[in-house]
Amino acid sequence: MGTNRREFLKTTVAAGGAVAAGVTPAVLAGGDGAEGAAPDGAGAAPQAQAAQSLRILILGGTGFIGPHQVGYALSRGHEVTLFNRGRTNAHLFPEVEKLVGDRESDLSALEGRSWDVVVDNSATNAPPWVEKSANLLKDSCERYIFVSTRSVYADTSRVPMNIEAPVWTYENAGVEPGAERLPYGLGKALSEQIARDAFGEDRTLVFRPGLIIGPGDNTDRFTYWPVRIHHGGEVLSPGDGTDPVQIIDVRDFGDWLVRMAEAGEHGTYNVVGPATPRPMSEMLYGIRAVTTAETTFTWVDADFLRDAGLRPYGEMPVWRPARDGYEGFARFDLTPEVAKGLTFRSLADTTAATLEFHFSRSEERQARVFNRLSPEREAEVLAAWHASRRG
């Protein structure tokens, strides 16, 4: 990327306040990849010192969502300990205590220790991991925070969605108890209940995030769109632009998790945004506003994309048509979450920070945006779409 573009991105990020708590996109480039009455688009909460310092144990903490939690917690005056295998981003946070172990087989470093809060960031759907850590720590820690997923919901057809929607069970998933491999959503739903059983309802805080996006995300699920739009030209755009989108910036999630820990909260909360779902067209045009590229959007019918083999949340990331059982997938009622202080930074901020992160990666990594639509395939589908319209 040329110097002018790099400088443009840095200027945009600085203006939008995209660098979080000392964790810069460049630092995160080596990582592995998972309102208080304020309106949509409100900026991040100020990083004032918390009223009381907490001792926080984070299981993980160096992948995607962890560094933002750690950086914000430190900025608020908390004492942080990390527990992981020491293989991912081991250079981060040299001032933080780091315990080495394995969630599956070796928790000995946690024995005989106590903390105020435990944050379980595991990206896996392995209930035995949660069972081991929760049972080990239930008498030595005050609160267990489990990062779950929107995928625990067995039915996303209701509008609006909330935590009362049914979650996956062995029965409705058609899976036998004790099965060696579990569907992702079922594994997370079982893990939630394991944490509650160990710590009790009033000492367990469960978050169910949707697609977590922003700097540090090596899955490229959101990154595809800023990068594609930054390259300019005719962009294949899914559906008719009206399908709703609810996602969450990793920094908004990390900041809110820490503030909820400070408040001693318990219960279950959804973590997506903004509070008013954003149409797909608004998201793409909002991303374009951050770039300097000459771009046009060609909206292609959902059925045509299906027949062409382009999948929602696959080759067409972020997008999920609001039909066929997914009517409420991006229509969550966030009234409880907003009342508890969940904030949403601007799409421009998230886009600029995501681009800066992307361009901080190696040229080889920049050249391959994972599992998304190739330029050749995009051109092919666009040509077929135009031909079908002429016909």
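Calculation criteria
- Numbers given to residues run from 1 along each chain, matching the order in which its sequence is written.
- A pLDDT threshold of at least 70 governs which residues receive local features in this predicted model, and a stricter bar of 80 or more applies before side-chain atom pairs are shown or counted, although totals over entire chains, interfaces and linings include all residues.
- As a rule here, side-chain values come from all non-hydrogen atoms in the structure, and water together with hydrogens is ignored.
- Helical segments are the DSSP runs of H or I of at least four residues, strand segments are the runs of E of at least two, and each set is numbered from the N terminus.
- Only protein chains enter the area calculation, which uses a 1.4 Å probe; residues under 20% of their type maximum are buried, those over 50% are exposed, and those in between are partly exposed.
- Per-residue accessibility takes into account occlusion by the displayed protein chains alone, with areas from the Shrake-Rupley method and a 1.4 Å probe.
- Contacts: residue pairs with any heavy atoms within 4.5 Å of one another.
- Buried Ala, Val, Leu, Ile, Met, Phe, Trp, Tyr and Cys residues form a nonpolar core when they are joined through side-chain atoms within 4.5 Å.

Chemist: So what's going on with the overall build of the protein? Which residues, and what values?
Modeler: The secondary structure content of the protein amounts to 14 helices and twelve strands. For the protein, with 391 residues in total, the buried portion stands at 53%. When the accessible area of the protein is evaluated, it comes to approximately 16400 Å², of which 49% is carbon and sulfur surface.

Chemist: Lay out the side chain of glutamate 378 in plain terms, naming residues and giving numbers.
Modeler: The residue glutamate 378 is located in helix 14 (residues 375-390) in this model. Here glutamate 378 falls in the buried class, since its relative accessible area comes to 5%. Excluding residues within four positions of it along the chain, glutamate 378 makes contact with Tyr224, Arg228, Glu234, Val235, Leu236 and Leu373.

Chemist: Before we move on, can you summarise the nonpolar core with the specific residues and values?
Modeler: By size, the foremost hydrophobic cluster in this structure holds 41 residues, and its most contacted members are Ile145, Phe207, Phe253 and Leu257. Of all elements in the fold, only strand 1 (55-59), helix 3 (65-75), strand 2 (79-84), strand 4 (115-120), strand 5 (141-147), strand 6 (204-209), helix 8 (250-262) and strand 10 (267-271) reach the threshold of two or more residues within this core. Dropping the residues within four chain positions of it, leucine 257 is found in contact with Gln69, Val119, Ile145, Val147 and Phe207. The next biggest cluster of nonpolar side chains, apart from the first, holds 28 residues, and it includes Phe222, Trp225, Leu310 and Trp319.

Chemist: Describe unusual backbone geometry, with residues and values.
Modeler: Looking along the chain, the bond that leaves valine 159 and enters proline 160 is cis, with omega of -5°. Along the chain, the position of proline 160 falls in the loop between strand 5 and helix 5 (170-173). For the bond running from glycine 273 to proline 274, omega is 0°, close enough to zero to count as cis. For asparagine 89, which is not glycine, the phi dihedral falls at a positive 50°. One can find asparagine 89 in the loop between strand 2 and strand 3 (97-100). By relative accessible area, asparagine 89 is classed as buried at 7%. Positive phi values are uncommon outside glycine, yet valine 318 reaches one of about 75°.

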